[in-house]
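One-letter residues, chain by chain:
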Amino acid sequence: MLAELGVDETCELVYRAALRRPVWSLEQLRAAVDQPAAKVDTAVQRLMEIGLLRRPHAEQIRPVNPAVGFASLLSYAEARLARQTRAVELTRAAVAEMSASFRASPALLHDVELLDDRDAAWLCVEEIAAKATTSIQCLAAAGGPPGLETSTDYDPAYRLAEFASARGIRVQLILLDSIVNDPRLAAGARRVHDNGVEVRTTPTLPVWTFVVDDRYVVIGIDPADNQRGVIRVSHPGLVAAAADLFGRHWLSAVPIELQAAQPPGELTRQQRQLLQLLAMGAKDESIARQFSVSARTVRRMIADLTDRVGASSRFELGVRAVRLGWLDDTPQPAPGPEPFHS
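Residues numbered from 1 in each chain as written. Predicted model: local features only at pLDDT ≥ 70, side-chain atom pairs only at ≥ 80, totals over all residues. Heavy atoms only, no water.

Visitor: Mind showing me how you'd approach the overall build of the chain here?
Guide: The number of helices and strands found in the chain is twelve helices and ten strands. Counting all 342 residues of the chain, 42% fall into the buried class. Nonlocal contacts in the chain, meaning residues at least 24 apart in sequence, comprise 67% of its contacts between residues at least 6 apart. Carbon and sulfur atoms form 55% of the exposed surface of the chain, whose accessible area is close to 18,500 Å². (Helix = DSSP H or I, 4+ residues; strand = E, 2+ residues; numbered from the N terminus. Buried < 20%, exposed > 50% of the residue type's maximum accessible area, 1.4 Å probe, protein only. Contact = heavy atoms within 4.5 Å. Areas by Shrake-Rupley, 256 points an atom, 1.4 Å probe, with all protein chains shown as cover.)

Visitor: Help me out: how do you make sense of helix H11 (residues 295-309) in this one?
Guide: A turn of α-helix holds 3.6 residues, and therefore any two residues three or four places apart point the same way. With 15 residues, H11 should reach 21 Å at 1.5 Å per residue; the first-to-last C-alpha distance of 22 Å fits that figure. Among the residues making up H11, those that are buried are Ala295, Val298, Met301, Ile302, Leu305, Thr306 and Val309. The buried residues of H11 occupy one face: seen down the axis, they fall within an arc of 140 degrees. Of the exposed residues in H11, the ones pointing more than 90 degrees away from its buried face are Arg296 and Asp307. As for H11, its buried residues are in contact with helix H9 (269-279), helix H10 (284-291) and helix H12 (314-323). Following H11 by one or two positions, Gly310 adopts a phi angle in the positive range, close to 70 degrees. (Expected span 1.5 Å × (residues − 1). Arc of directions from axis to C-beta.)

Visitor: Where do I start with the pairing of strand S9 (residues 230-233) in this structure?
Guide: Along any regular strand the residues' side chains alternate between the sheet's two faces. Of the pairings in the sheet, the one linking strand S3 (residues 112-115) to S9 comprises four bridges and is antiparallel in character. Across the sheet, the residue bridging to Leu114 is Ile231, located in S9. In terms of strand pairing, strand S8 (residues 216-220) meets S9 through four bridges, oriented antiparallel. In the strand pairing of S9, Gly220 is matched with Val230. (Pairing = 2+ DSSP bridges.)

Keep in mind that these numbers describe shape and distance, not what the molecule does.
Here you go:
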């Protein structure tokens, strides 16, 4: 109980024993305290140093009244506590000052900021998780999150989403359907959902986008390379447009907790989207970026569909897809290359 005042357990035992009588000899104190003699001698010496025992004669040891003896110790402890409290307050102020100045880029003095390197992009993403006040809406497009070196490990981003959610922020995350092909990404998505993040999936997404507090937007610079950095925009019109884009994707996306196995014989949403993109003349590489897969995987998916309908070419696949009603919701393609040609 008295350790904070420099009085350890043995010292306290010796002092409490000494308080029972006005005068002691060292031998009597040794006998009164159930401790080795050497420890008692050390405690007596310590208690005399801090003013709780005194030795008016060589053979006498007298206890000092606690109200007197502890007064100076308590004053010292209070002064030390005041210094520590002041140090904490100064440290808190310094941290607040550093936090205010530590940004991924200069303060938002303009509508648009360009953060055109990997580290600045990731710092911006961290700042979103740490400083959002009401909501974060994220389109997790192809490739890894902006600033991360790998496109196959979302764990750092997942942890940020959980952190923001734990702060009471509403976090809505739209991922690509293709994450189900990666057990680690899929398990992480379900984990963050269990920890309060709203998660849905959709076949394709245009570019990594964060809508923060309906106040500003962070968008990947290059949909094909998330290492290029991000743009942070605070113009109200662009924020409204990005929020509308997110809302449209959110309505059509499927909650991760409602995902079920695909019924036999039916196309997956990704397969339907693939056919729609082919119908509009999209190249394999472009489709691969939107699906967050390799171009080889896209070609394999096309080959699977071609074999499924017994077609001998992509053009014939398109014809049969129309006959089967697989493209009923496909928008009319703009004039350009012949559909279903790579």
